[in-house]
Amino acid sequence: MATREENLKKINEELEKLDDEELEQVAGGNYDECVTDMNYLRLCGVDVDYDPDYDPLFLRVEEAWAKVGIKCSAWAMDYNVSVYKNEYFLDGKQISHLEACKHAADVQGLNLDYMQVNLLIFRCQNPI
């Protein structure tokens, strides 16, 4: 079994192969993106309240992002169609998913750079 350090090294090596545009698209769309967002915000320390048996995920994602000052327009889709993407706004200006994640980390006092944010997003999508 690989150690944590070996796994992080593999992740870093794979991420370094991606160009900026590909890194920007690390998170998928709709349902998968909502799940990734919820996991990411939890890792950042945002108090995320979600019961999958009773709550519509897209509403909880929007509420969770609001706790860090981001307005999220989450797609209410129950299947993954990559053309549908969540949209993120800060101070009325649309921002990328990566920028929203960086902002959330900053608000939570994590002081992460963009590569570290991408690693967290990747971790949320691909649990080790």
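Residues numbered from 1 in each chain as written. Predicted model: local features only at pLDDT ≥ 70, side-chain atom pairs only at ≥ 80, totals over all residues. Heavy atoms only, no water.

Moving on: the overall build of the protein chain. Scanning the protein chain for helices and strands turns up 6 helices and 3 strands. Sequence-ordered secondary structure for the protein chain, helices as α and strands as β, is α-α-α-α-β-β-β-α-α. The buried share of the protein chain, reckoned over its 128 residues, is 36%. When contacts within the protein chain are restricted to residue pairs at least 6 apart in sequence, those whose partners lie at least 24 apart make up 53%. By element, 49% of the accessible surface of the protein chain is carried by carbon and sulfur atoms, the whole surface being about 7800 Å². (Helix = DSSP H or I, 4+ residues; strand = E, 2+ residues; numbered from the N terminus. Buried < 20%, exposed > 50% of the residue type's maximum accessible area, 1.4 Å probe, protein only. Contact = heavy atoms within 4.5 Å. Areas by Shrake-Rupley, 256 points an atom, 1.4 Å probe, with all protein chains shown as cover.)

Confidence in the prediction for the protein chain averages 78 pLDDT; 68% of positions are at 70 or higher. In the predicted structure, residues 23-29 sits below a pLDDT of 50 and forms 22 contacts with residues beyond four places in sequence or in another chain. (pLDDT = per-residue confidence, 0-100.)

You can see Cys-124 is positioned in helix α6 (residues 114-125). Other than its neighbours up to four places away in sequence, Cys-124 contacts Thr-36, Asn-39, Tyr-40 and Leu-43.

As a packed pair, helix α5 (residues 97-107) and α6 sit with axes 10 Å apart at the nearest point and diverge in direction by 100 degrees. In terms of their interaxial angle, α5 and α6 are classed as roughly perpendicular. In this structure, α5 uses His-97, Leu-98, Glu-99, Cys-101 and Lys-102 to contact α6, whose residues at the interface are Tyr-114, Val-117, Asn-118 and Ile-121. Within the contact of α5 with α6, the residues separate by chemical class into 5 nonpolar, 2 polar and 2 charged. (Axes fitted to C-alpha atoms, helices over the stretch in contact; angles between N-to-C directions. Parallel < 35°, antiparallel > 145°, perpendicular 65-115°, else oblique. Nonpolar A, V, L, I, M, F, W, Y, C, P; charged D, E, K, R; others polar.)

Attention now moves to the packing of aromatic side chains. Taken as a whole and judged by the stated rule, the model has 1 aromatic pair. Consider the rings of Trp-65 and Tyr-88, whose centres lie 5.3 Å apart with planes at 70 degrees: the pair is edge-to-face. Of this pair, Trp-65 sits in helix α4 (residues 57-66) while Tyr-88 sits in strand β2 (residues 87-90); the two residues are 23 residues apart in sequence, bridging distant segments of the chain. Residues Trp-65 and Tyr-88 agree in their burial class; the two are buried. Over the ring of Tyr-114 we find Lys-102, and its NZ or CZ is 5.8 Å from the ring centre. (Phe/Tyr/Trp six-rings, centres within 6.5 Å; stacked < 30°, edge-to-face > 60°. Lys NZ or Arg CZ within 6 Å of the ring centre and 35° of its normal.)

Within α4, the full set of buried residues consists of Leu-57, Val-61, Ala-64 and Trp-65. The arc that holds the buried residues of α4, viewed along the axis, is 95 degrees, so those residues lie on one side. (Arc of directions from axis to C-beta.)

Before going further, it helps to spend a moment on the nonpolar core. Within the largest apolar cluster, 27 residues are counted, with the highest numbers of intra-cluster contacts made by Tyr-40, Leu-41, Val-61, Trp-65, Ile-70, Tyr-88 and Val-117. For this core, the secondary structure elements donating two or more residues are α3 (30-43), α4, α5 and α6. For this core, the element with the most residues is α5, which contributes 5 residues. (Core = buried A, V, L, I, M, F, W, Y, C linked by side-chain atoms within 4.5 Å.)

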